[in-house]
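Chains, contacts and geometry: an overview
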2 protein chains.
Amino acid sequence: MAIPLYQAKAEFFRTLGHPARIRILELLAERDHAVYELLLAIDIEASNLSQQLAVLRRAGLVMQRRESGDVVYSVNRPEVRDLLLAARVILRHLIDDQDQLREDLKASG
Amino acid sequence: MAIPLYQAKAEFFRTLGHPARIRILELLAERDHAVYELLLAIDIEASNLSQQLAVLRRAGLVMQRRESGDVVYSVNRPEVRDLLLAARVILRHLIDDQDQLREDLKASG
DNA sequence: TTTACACATGAAGAAGTATTCAACTAGCCG
DNA sequence: CGGCTAGTTGAATACTTCTTCATGTGTAAA
């Protein structure tokens, strides 16, 4: 095996690099969700949702269980919440920067 | 414009989803580096390195300046460090989980 | 057991990203 | 200025990842 660590990191970030997977994680960070709930919230095809859930499962980020009829997913690593938060902070700054740039251009042009 | 936020987040994570870019950010999180230093540390072609630096620049994560002859890069958003740290923590757990699984398999098989 | 529903999987074409090569630009020194 | 070195860019091909569709599996109710 022995995958270099920086490659594992890159793979990990790529796992997060999809709009549907981000939404899934954010919903699951709030509380556990059944598949049909995710389906209602996310607006993609059922089979696509399954694929994305499979990606997250393979990465070890979420877990599946069966509960009185339907399949319920939960976040396996609570730290995911911290990560999403850290990302949100940076993104906020990046977007502010962009807005600032736009302002400056408007003012000078 | 008006890109949904979860899409911006996904894009942001994809920006980090490349081994070379991770290494660049980690090196720059430590201290500023000239391009030739990155080149020595990372072992990819110069033009490839430039491409990856361009990706990070476009994302607004790093900055370029010229300093007595050579081009020096620095991290634009100090919070990147927090993010990389949060990722490291999760990754550590994920890898531990995997190891544990391997152990269990070995013990039971 | 048969039917029905909810979810998962495999495979294939479409879409996106990486790596490489060749050509270009910016700054520096003779 | 002319040529040199360091870094960047664009474009082409190779590689990954997405999305969709057809099919498979599991559970529950009839």
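Residues numbered from 1 in each chain as written. Chains lettered and ligands numbered in written order. Predicted model: local features only at pLDDT ≥ 70, side-chain atom pairs only at ≥ 80, totals over all residues. Heavy atoms only, no water.

**A few points about the overall build of chain A**
- In terms of regular secondary structure, chain A is built from 5 helices and 3 strands.
- Written out in order from the N terminus, the α and β elements of chain A read α-α-β-α-α-β-β-α.
- Expressed as lengths along the three principal axes of its C-alpha atoms, the size of chain A is roughly 60 × 40 × 25 Å.
- Across the 109 residues in chain A, those meeting the buried criterion constitute 38%.
- A fraction of 47% describes how many contacts in chain A between residues 6 or more apart in sequence connect residues 24 or more apart.
- When the accessible surface of chain A is split by element, carbon and sulfur atoms take 51% of a total near 6400 Å². (Helix = DSSP H or I, 4+ residues; strand = E, 2+ residues; numbered from the N terminus. Buried < 20%, exposed > 50% of the residue type's maximum accessible area, 1.4 Å probe, protein only. Contact = heavy atoms within 4.5 Å. Areas by Shrake-Rupley, 256 points an atom, 1.4 Å probe, with all protein chains shown as cover.)

**Regarding the protein's contact with DNA strand D**
- Around DNA strand D, a shell composed of 19 residues is seen, among which Arg14 of chain A together with Ser50, Gln51, Gln64 and Tyr73 of chain B lie nearest.
- The sugar-phosphate backbone supplies 65% of the atoms of DNA strand D found within 4 Å of the protein.
- Take Arg21 of chain A: an N or O atom from its side chain is 2.8 Å from a phosphate oxygen of DNA strand D.
- Secondary-structure elements contributing two or more residues to the surface near DNA strand D are α4 (46-58) of chain A together with α3 (35-42), α4 (46-58) and β3 (70-75) of chain B.
- It is α4 of chain B that contributes the most residues to the surface near DNA strand D, 5 residues altogether.
- Here the residues of the surface near DNA strand D sort into 5 nonpolar, 9 polar and 5 charged. (Near = heavy atom within 4 Å. Polar contact = N/O pair within 3.5 Å; in protein donor to acceptor, adjacent residues only side chain to side chain. Nonpolar A, V, L, I, M, F, W, Y, C, P; charged D, E, K, R; others polar.)

**Things to note about the pattern of salt bridges**
- A complete count under the given rule lists 16 salt bridges over all chains for this structure.
- Salt-bridge contacts for Glu79 of chain A lead to Arg77 of chain A; the nearest nitrogen and oxygen are separated by 3.3 Å. Like Glu79 of chain A, the residue Arg77 of chain A is buried in the burial classification.
- What you see here is one network of salt bridges that share partners, running through Lys9 of chain A together with Glu26 and Arg88 of chain B. (Salt bridge = Lys/Arg side-chain N within 4 Å of Asp/Glu carboxyl O.)

**Topic: the sheet that holds strand β2 (residues 62-67) of chain B**
Residues and elements named next belong to chain B.
- Strand order in the open sheet formed by 3 strands is β1-β3-β2, and the pairing between neighbours is antiparallel. Of all strands in the sheet, those with a lone pairing partner are β1 (33-34) and β2, marking the two edges.
- Relative to β3, β1 is paired through 2 bridges, and the arrangement is antiparallel. In the sheet register, Ala34 faces β3, and the bridge partner there is Val72.
- The sheet contacts of helix α2 (residues 19-30) involve β1, β2 and β3, and relative to β3 the element is tilted by about 85°.
- Sitting on the sheet, α4 is in contact with β2 and β3, with an inclination near 120° to β2. (Pairing = 2+ DSSP bridges. Axes fitted to C-alpha atoms, helices over the stretch in contact; angles between N-to-C directions.)

**Here we look at the relation of the copies chain B and chain A**
- You can overlay chain B on chain A at an RMSD of 0.0 Å; the transform is a turn of 180° with a shift of 0.0 Å along its axis. Accordingly, the operation relating the two chain copies is best matched by a two-fold axis.
- When the interface residues of chain B are mapped onto chain A, 97% of them are again interface residues, pointing to one common binding face. (Least-squares fit on C-alpha atoms with pLDDT ≥ 70 in both.)

**Description of the side chain of Ser74 of chain B**
All names here are of chain B.
- Along the chain, the position of Ser74 falls in strand β3.
- Classification of Ser74 as buried rests on a relative accessible area of 12%.
- Apart from the residues lying within four places of it in its own chain, the contact partners of Ser74 are Leu28, Asp32, Leu61, Val62, Met63 and Arg65.

**A word on the interface of chain B and chain A**
- Counting from both sides, the interface comprises 36 residues of chain B and, opposite them, 36 residues of chain A.
- Between chain B and chain A, the buried area comes to about 3200 Å², and carbon and sulfur atoms account for 78% of it.
- Its largest share of buried area at the contact with chain A, chain B owes to Lys9, Phe13 and Ile90 of chain B, together 20% of the area lost on that side.
- Counting across the chain B and chain A interface gives 4 salt bridges.
- Between chain B and chain A we count 8 residue pairs in polar contact (both at pLDDT 80 or more) in total.
- Among the elements that take part in the side of chain B that touches chain A, helix α5 (residues 80-108) of chain B stands out by supplying 13 residues, more than any other. (Buried area = accessible area lost by both parts, 1.4 Å probe.)

Coordinates in, geometry out; function isn't part of it.
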